[in-house]
Amino acid sequence: MASPRNEGFLTQDQREKLRIAVQNAETLSLASPRSPSGGSTSALLQQYEQQQLQQRAAATAAAARGGGGGGGGARHVRRSHSGKTIKVKKDGAGGKGTWGKLIDTDTDACLDRNDPNYDSDEEPYELVEAPVSTPVDDYKKSVVPIIEEYFSTGDVKLAASELKELGYDDFHRYFVKKLVSMAMDRHDKEKEMASVLLSSLYGDVINSTQIRLGFVMLLEAVDDLAVDILDAVDVLALFIARAVVDDILPPAFLSREKVSLSESSKGMQVVQIAEKSHLSAPHHAEVLEQRWGGSTHTTADAVKRRIADLLKEYIKNGDTAEACRCIRELAVPFFHHEVVKRALTLGMESPTAEALIVKLLKEASEECLISSSQMMKGFSRFVDSLDDLSLDIPSAKSQFQMLVSKAVSKGWLDSSFIHLGANGDAQDDEHEKLRRYKRESVSMIHEYFLSDDVPELIRSLKELGSPEYNPIFIKKLITVAMDRKNREKEMASVLLSSLSMELFSTEDIVKGFIMLLECAEDTALDILDASDELGLFLARAVIDDVLAPLNLDEISSNLPPNCSGAETLNMARSLASARHAGERLLRCWGGGTGWAVEDTKDKIAKLLEEYESGGDVGEACNCIRELHMPFFNHEVVKKALVMAMEKKTERILDLLQECFGEGIITINQMTKGFTRVRDGLDDLALDIPDAREKFMSYVEHAKKSGWLLPSFGVATSA
């Protein structure tokens, strides 16, 4: 029989605490309107005590059965392997020495990664903080491949289109910074390419504000750049000076940044070097433009020199395999016709070398090094110069006919060339007259490039007569100039401007450019960058008022379908319509035939100062006329307006009125001058606080006087 101490699960002290708790609960339930009545609480207590008694009796009976060794064990009793009786939990989860329930929900269990059954998916999830990508970060990442691709291909148009596709016009400052900083750590070629790209993108893709902010960021970061680029200060100074020369940064940029930069910073050193060492030097514009090598493209002259050198070397050693290897290393298969032409010329000039030349051409044809079409073009080009060669080598024609027959019989020259040559021999009197005109016009052009005497050339053209061939003269002039240096290209543009005023009609000039565009593809065989050069000539003709913008549409309508010159024409339109197109195109070949653009600006400033101090208006007009640069008269307008603001006098406006009345300054040049002042108003306002108000009054005065279009706006550009 059980002891009285085991008659319940609760001690007397615990029972007393339970009663007190129940009484407190009753008190709270009576105070709450939702609580059950106090009688129900007492019933719950009685029910609880009855359950306790029943459980106690069941436990006592189970113990008695276990002690007697009869029957099965209690429901919640198990034996361990050691024979000890273990009381387990009622829900079957087990205890010590048991496996536990079927699904164990123990949250303290750890996964063992060395367990063969380990599954990483069972690991608890852990939230990791990830950085949020901003539009600026995305933009910075996107411009890097654009710059890398541009440095590889040199394709300005592709870089411009990809930058436009990015959008985010307000982020272009980061492009400027990244472009310049990447170029600073590369060769001169990439530095020049970076400057060319910035100049090309200015206005159309990247506005002046973003260009300026980009260079401000570079000045602020030059201390960090100098850690990786030892000459960062000098290189960045060159970039800034070049940007000023290219008119994509205003000269006031340097003085403005001096105020915000620390005296001891490297940014201040950059500004001082750019201002004192580069922009103050004589002829600094020409020096800066050639500082990194000038052109970013391989020139035809360089390829021609290499061809001439390898042919001379071949004549000396007679090694055909070595000569073929050198031709292959040129990597210009589209220019192999030049190899053929020069080889034939060399064979005619040196009879002992003829056999070697034939052997080389035959070998190059059999190895498919020189294609059949390139061989034909080389022979055709040689035919065009055969008459001139006959003057020095009387037997040149007969020797050439024998060479052609031999080449056709051996199979390395297409037999169709014989028929082309036969047709070329049938020339009538008109054809002979045209050939004579071409020879004499080329001679005059060469003489002009030596003498720079425009009046003498015009006189010679008048004596030559044949005005119906004027378009052919224009074609010859530009074709010869494209294969020469920048000096001759500038001289050709100046001559074209003079001829348009004195001798040639607009129709002659239009026809001449149509002829040039029609044969642009053939010209490119001799001059690798002919398309770009011809586009510059067209755009310069528009800036010089030789052609009107509508004439470009006329030229376009007269081109044959699928003509490659159409692309050149589109490029000319873009160049002529870009911001500051006049200044850029004026300097595209160095600006001026015998003196720098800076000298022109100095002359304009001096004549305006002399007029303002009491000079005669007629004398000032004569000085402007004697500059012989009507396409640069917008500089006169700009300097005159700025001087009027600084001197606070409107006397200078009378000079502009007189120049317009006499036709010295056209309304087109007048508008360009006003536009340039409008674009620089923010910089002018730093020195002249009321610059904007004065400019608006000048605009109204010009509109009333009729020398400025009524549609001209006074709002500054973005």
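Just so we're clear, the structure is a prediction, and the values are computed from it rather than from any experiment.

(A) Examining the overall build of the protein chain more closely. Broken down by element type, the protein chain carries 36 helices and 2 strands. Counting across all 718 residues of the protein chain, residues that qualify as buried make up 40%. Restricting the contact set of the protein chain to residue pairs at least 6 apart, pairs at least 24 apart contribute 73%. For the protein chain, the exposed surface amounts to about 39,300 Å²; the carbon and sulfur share of it is 52%.

(B) Looking closely at the side chain of Lys694. With respect to the helices and strands, Lys694 occurs in helix 36 (residues 691-705). Not counting residues up to four positions away in its chain, the partners in contact with Lys694 are Met645 and Lys648.

(C) Expanded view of helix 7 (residues 208-228). For helix 7, with 21 residues, the first-to-last C-alpha span of 29 Å sits near the 30 Å given by 1.5 Å per residue. A bend of about 60° at Val222 is the largest found in helix 7. All buried positions along helix 7 are accounted for by Gln210, Ile211, Gly214, Phe215, Val216, Met217, Leu218, Leu219, Ala221, Val222, Leu225 and Ala226. On the buried face of helix 7, the contacting elements are helix 5 (172-184), helix 6 (188-201), helix 8 (232-245), helix 9 (252-260) and helix 10 (266-278).

(D) Structural context of the pattern of salt bridges. Following the criterion strictly, the structure yields 23 salt bridges and no others. Across the pair Glu338 and Arg342 runs a salt bridge, and its minimum N-O distance is 2.5 Å. Of this pair, Glu338 and Arg342 both sit in helix 14 (residues 336-349), 4 residues apart, which is roughly one turn of the helix. Via salt bridges that share partners, Glu322, Arg325 and Glu329 belong to a single interconnected network.

(E) Main features of the nonpolar core. Ranked by internal contacts, the top residues of the largest apolar core, which has 59 residues, are Phe175, Met184, Ile211, Phe215, Leu236, Phe239 and Ile240. Elements that contribute at least two residues to this core include exactly helix 3 (135-153), helix 4 (156-166), helix 5, helix 6, helix 7, helix 8, helix 9 and helix 10. The element best represented in this core is helix 8, accounting for 12 residues. Core analysis: the second largest hydrophobic core is formed by 52 residues, Leu434, Tyr469, Ala492 and Ala539 among them.

(F) Structural view of the environment of Val245. Structurally, Val245 can be placed in helix 8. Note: C-alpha distance between Val245 and Leu279 (34 residues apart in sequence) is 8.2 Å.

(G) Focus on unusual backbone geometry. Residue Cys368 is not a glycine yet carries a positive backbone phi of 60°. As for its placement among the helices and strands, Cys368 is situated in the loop between helix 15 (354-366) and helix 16 (372-384).

(H) Just the packing of helix 13 (residues 320-329) against helix 15, in detail. Interaxial distance between helix 13 and helix 15 falls to 10 Å at its minimum, and their mutual angle equals 60°. Of the possible angle classes, the one that applies to helix 13 and helix 15 is oblique. Judged by the sense of rotation from one axis to the other, the crossing of helix 13 with helix 15 is right-handed. The residues of helix 15 that touch helix 13, namely those facing Thr320, Ala323, Cys324 and Ile327, are Lys359, Leu360, Glu363 and Ala364.

(I) Structural view of the packing of aromatic side chains. Counting across every chain of the model gives 11 aromatic pairs. A centroid spacing of 6.3 Å and a plane angle of 55° characterise the contact between Phe379 and Trp412, whose relative ring orientation is tilted. Taken together, the residues Phe379 in helix 16 and Trp412 in the loop between helix 18 (396-410) and helix 19 (416-425) connect sequence positions 33 residues apart. When its relative accessible area of 0% is taken as the criterion, Phe379 is described as buried. Given the relative accessible area of 5%, Trp412 is considered buried. Both rings, one in Phe674 and one in Phe695, keep their centres 6.0 Å apart while their planes meet at 45°; by these two values the pair is tilted. Taken together, the residues span a long stretch of sequence, with Phe674 in helix 34 (residues 667-679) and Phe695 in helix 36 at a distance of 21 residues. Judged by relative accessible area, which is 0%, Phe674 ranks as buried. Of the residues examined, Phe695 reaches a relative accessible area of 0% and is grouped as buried. Members of the aromatic cluster, each reached through a chain of ring pairs, are Phe379, Phe382, Phe400 and Trp412. The aromatic ring of Tyr611 is capped on one face by Arg651, whose charged end is 4.2 Å from the ring centroid.

(J) Quick look at the packing of helix 32 (residues 633-647) against helix 36. Their axes nearest at 10 Å, the elements helix 32 and helix 36 cross at an angle of 125°. Here helix 32 lies oblique to helix 36, going by the angle between them. Every pair of crossing elements has a handedness; the one defined by helix 32 and helix 36 is right-handed. Residues Leu641, Ala644 and Met645 of helix 32 touch helix 36, and the partners they reach there are Ala691, Lys694, Phe695 and Tyr698. Per-class residue counts for the contact of helix 32 with helix 36 are 6 nonpolar, no polar and 1 charged.

(K) Examining helix 6 more closely. End to end, helix 6 covers 20 Å across 14 residues, agreeing with the expected 20 Å (1.5 Å per residue, within 8%). Listing the buried residues of helix 6 in full gives Glu190, Lys191, Glu192, Met193, Ala194, Ser195, Leu197, Leu198, Ser199 and Leu201. One or two residues past the end of helix 6 sits Gly203, with phi positive at roughly 90°.

Criteria and thresholds
- Residues numbered from 1 in each chain as written.
- Predicted model: local features only at pLDDT ≥ 70, side-chain atom pairs only at ≥ 80, totals over all residues.
- Heavy atoms only, no water.
- Helix = DSSP H or I, 4+ residues; strand = E, 2+ residues; numbered from the N terminus.
- Buried < 20%, exposed > 50% of the residue type's maximum accessible area, 1.4 Å probe, protein only.
- Contact = heavy atoms within 4.5 Å.
- Areas by Shrake-Rupley, 256 points an atom, 1.4 Å probe, with all protein chains shown as cover.
- Expected span 1.5 Å × (residues − 1).
- Bend = angle between axes of the 7 residues up to and from the residue.
- Salt bridge = Lys/Arg side-chain N within 4 Å of Asp/Glu carboxyl O.
- Core = buried A, V, L, I, M, F, W, Y, C linked by side-chain atoms within 4.5 Å.
- Axes fitted to C-alpha atoms, helices over the stretch in contact; angles between N-to-C directions.
- Parallel < 35°, antiparallel > 145°, perpendicular 65-115°, else oblique.
- Left-handed = near helix turned anticlockwise from the far one by under 90°.
- Phe/Tyr/Trp six-rings, centres within 6.5 Å; stacked < 30°, edge-to-face > 60°.
- Lys NZ or Arg CZ within 6 Å of the ring centre and 35° of its normal.
- Nonpolar A, V, L, I, M, F, W, Y, C, P; charged D, E, K, R; others polar.

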